[in-house]
Amino acid sequence: MVSCPAEGDLVALEMGRLATQYREATKLKAYLFGVLGMVEEVARAVCSVPEAFDIRSAVGDQLTLIGKRMGFPRCHCACETLPVYGIECEGASPLAPIAGPCDEAMWIDCGAVENSTICIDDDEVYRAHLLARRYQMLGLFDIGSLIVAVRHLWGETAWVPATGPGTVCIAPGRDLSPAETRLLPISLRIVPTAPGIDLTVHFGSDQIIGIGTGWSGSCDD
């Protein structure tokens with residue numbers, strides 16, 4: 001946090017530098033107090049500006065301006081998955097939003113994808129994306145940076161279950177909410193992977209069968 005000067009501090013500092021022979025010059029001192037007071041007023045106002053543009057505390061238009069300068073505005077053109085008619089099953093993680101018979105939706109075989117503009121209006125969701133975008137922007141393509149970036153997006157359950165030549169798999173480690181699913185085409189754009197790397201996603205909260213710590217055994221769920 002920036003430590004801004006208290007009222008009168010800058011004036012007192014500069015007046016303390018006045019040469020001894022002018023210490024009794026009443027009119028000169030009055031003039032200097034007036035001029036330095038105006039300069040201090042501006043300095044105190046400007047001092048608080050950087051804090052308003054801190055990525056971790058900025059809100060509203062300030063956060064929007066940060067995002068624009070990071071190459072990630074609030075609104076994006078993306079292929080959006082439209083709701084489809086169906087019945088939600090407990091424990092299932094559908095890739096398309098499920099709608100009831102009286103809702104506005106379409107059948108799954110009728111082309112349930114269209115181009116649309118998706119905007120991130122929630123400041124905290126947008127902030128999480130900007131925090132992840134930093135790693136891509138700086139070209140930090142190591143596994144450690146990738147894990148931190150996906151955890152900014154989806155929380156501490158997110159991880160990298162597999163990597164290989166020219167490919168990497170990321171996993172939220174939990175079921176995504178309908179809002180997170182809608183943002184997925186945008187979220188994947190800022191995952192920090194090197195150019196040419198094929199990115200895949202493992203969905204759902206089920207563990208993945210494997211050998212070693214953190215993996216599920218072949219007879220487990």
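What you see is a predicted model, and the numbers here were worked out from it, not measured in a lab.

A. Local environment of the state of the cysteines. Counted by the stated rule, this structure contains 2 disulfides. The disulfide partner of Cys-4 is Cys-47, and the S-S distance across this bridge is 2.2 Å. One disulfide, between Cys-4 and Cys-47, carries an S-S torsion of -100 degrees and so falls in the left-handed class. Of this pair, Cys-4 sits in the segment before α1 (9-15) while Cys-47 sits in helix α2 (residues 26-47), and the two are 43 residues apart along the sequence.

B. Local environment of the side chain of Thr-64. Turning to its location among the elements, Thr-64 is positioned in helix α4 (residues 60-69). In this structure Thr-64 comes out as buried when scored by relative accessible area, which is 17%. Apart from residues no more than four positions distant in its own chain, Thr-64 is found in contact with Arg-74 and Tyr-126.

C. Main features of the pairing of strand β7 (residues 198-201). With 4 bridges joining them, strand β6 (residues 167-171) and β7 adopt parallel strand pairing. Within β7, the position partnered with Val-168 by the bridge is Leu-199. With helix α7 (residues 178-187) bridging β6 and the parallel β7, this β-α-β connection has right-handed handedness.

D. Structural detail: the pattern of salt bridges. Tallied over the full model, the rule gives 5 salt bridges. With its nearest N and O atoms 2.9 Å apart, the salt bridge here joins Arg-127 to Glu-124. Placement of both Arg-127 and Glu-124 in helix α5 (residues 123-137) is noted, with a separation of 3 residues, approximately one turn of the helix. The class for Arg-127 is buried, based on a relative accessible area of 7%. Arg-151 is the partner of Glu-156 in a salt bridge, and the nearest nitrogen-oxygen pair spans 3.8 Å. Overall, Glu-156 belongs to the exposed group, its relative accessible area being 64%.

Scoring rules and cut-offs
- Residues numbered from 1 in each chain as written.
- Predicted model: local features only at pLDDT ≥ 70, side-chain atom pairs only at ≥ 80, totals over all residues.
- Heavy atoms only, no water.
- Disulfide = S-S within 2.5 Å.
- Helix = DSSP H or I, 4+ residues; strand = E, 2+ residues; numbered from the N terminus.
- Buried < 20%, exposed > 50% of the residue type's maximum accessible area, 1.4 Å probe, protein only.
- Contact = heavy atoms within 4.5 Å.
- Pairing = 2+ DSSP bridges.
- Right-handed = clockwise from strand over helix to strand, strands pointing away.
- Salt bridge = Lys/Arg side-chain N within 4 Å of Asp/Glu carboxyl O.

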